[in-house]
Amino acid sequence: MIYELRIYHAMPGRLPALLSRFQNHTLQIWEKHGIRQAGFWTTLIGESESNLTYLLAWNSMADRQERWSAFLADPEWIAIKTESEKDGQLVQNIRSELLAPTAFSSVQ
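Model, not experiment: these values are computed from the prediction.

Cut-offs and rules
Position numbers for residues start from 1 in each chain and track the written sequence from start to end. In keeping with the model being predicted, local features are shown solely for residues with a pLDDT of at least 70 and side-chain atom pairs are shown and tallied solely at 80 or more, while totals for entire chains, interfaces and linings include all residues. Side-chain metrics rest on all non-hydrogen atoms present in the structure, leaving aside hydrogens and water. What counts as a salt bridge is simple: a side-chain nitrogen of Lys or Arg found within 4 Å of a carboxyl oxygen of Asp or Glu. Helix and strand assignments come from DSSP, with helices taken as H or I runs of at least 4 residues and strands as E runs of at least 2, each series counted from the N terminus. Only protein chains enter the accessibility calculation, which uses a 1.4 Å probe; a residue is then buried when its area is under 20% of its type maximum, exposed when over 50%, and partly exposed in between. Here, residues are in contact when the closest pair of their heavy atoms is within 4.5 Å. The term polar contact refers here to a pair of N or O atoms within 3.5 Å; inside protein, the definition further demands a hydrogen-donor-capable atom paired with an acceptor-capable atom, and it admits residues adjacent in sequence only when both atoms are side-chain atoms. In summary, the pairing rule links any two rings of Phe, Tyr or Trp, Trp by its six-membered ring, whose centres are within 6.5 Å, and it sorts them by plane angle into stacked for under 30 degrees, edge-to-face for over 60 and tilted for everything else. Two axes enter the bend calculation: one fitted to the seven residues ending at the residue in question, the other to the seven starting there, and the bend is the angle between them. In this scheme, strands are said to pair when DSSP sees at least two bridges between them. Helix axes use the C-alpha atoms of the stretch in contact, all axes being lines fitted to C-alpha atoms, and the angles between their N-to-C directions lie in the range 0 to 180 degrees.

(A) Up close: the pattern of salt bridges. Applying the stated criterion across every chain, the model contains nine salt bridges. One salt bridge connects Glu85 with Arg21, and the closest N-O pair in it is separated by 3.4 Å. Placement of the pair is Glu85 in the loop between helix H3 (75–84) and strand S4 (91–99) and Arg21 in helix H1 (residues 15–33), with a sequence separation of 64 residues.

(B) Representation of the environment of His9. Mapped onto the elements, His9 comes out in strand S1 (residues 2–10). Of the residues examined, His9 reaches a relative accessible area of 21% and is grouped as partly exposed. Once the C-alpha coordinates of His9 and Arg95 are considered, the two residues, 86 residues apart in sequence, prove to be 8.4 Å apart. Aside from chain neighbours lying at most four places away, what touches His9 is Ser48, Ser50, Asn51, Val91, Gln92 and Asn93. A distance of 3.3 Å separates polar atoms of two side chains, one belonging to His9 and the other to Ser48.

(C) Quick peek at the packing of aromatic side chains. Applying the stated criterion across every chain yields a total of 13 aromatic pairs. With a centroid separation of 5.4 Å and an interplanar angle of 45 degrees, the aromatic rings of Tyr8 and Tyr54 are classed as tilted. Here the residue Tyr8 occupies a position in strand S1, and Tyr54 occupies one in strand S3 (residues 51–58), the gap between them amounting to 46 residues. You can call Tyr8 buried: its relative accessible area is 6%.

(D) A look at H1. The largest bend along H1 reaches roughly 45 degrees and is located at Thr26. Looking only at H1, the buried set comprises Leu15, Leu18, Arg21, Phe22, Thr26, Ile29, Trp30 and His33. The elements touched by buried residues of H1 are S1, strand S2 (36–42), S3, helix H2 (61–73), H3 and S4. Looking at the residues trailing H1, positive phi occurs at Gly34, about 75 degrees.

(E) Focus on the sheet that holds S3. Within the open sheet, the four strands sit side by side as S2-S3-S1-S4. Their pairing is antiparallel. Sheet topology places S2 and S4 at the edges, where each strand pairs with a single neighbour. Taking the axes of each pair of neighbouring strands and ignoring which way they run, one obtains an average angle of 15 degrees across the sheet. Bridge count between S1 and S4: eight bridges; the pairing is antiparallel. The residue bridging Tyr3 from the neighbouring strand is Leu99, located in S4. Those strands touched by H1 are S1, S2, S3 and S4, and its axis lies near 15 degrees from that of S3. Lying on the sheet, H2 is in contact with S1, S3 and S4; it crosses S3 at an angle near 120 degrees.

Below, the structure is given as structure tokens:
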């Protein structure tokens, strides 16, 4: 199992719109493509309170490539992304890290 840590730094004042897009659209499109989320968090205390952090769970790197590519090319996703950004970009930058569990991790 591979986990992907993704941290989105929202544009100033745009975190609520980003959260809404995930909750009302993105998760349903991910479900269609078999993308599994392991959790979502906003920053309570830290460098930026405009961050959305989440984990995705993948069976392998090939699984990630196949599912993520299909999601990004999905016409429904493209339309939702375009519509949600009609008043401006939601995300300033995205940090992504692919993680492998250690032998002593509680998740495998």
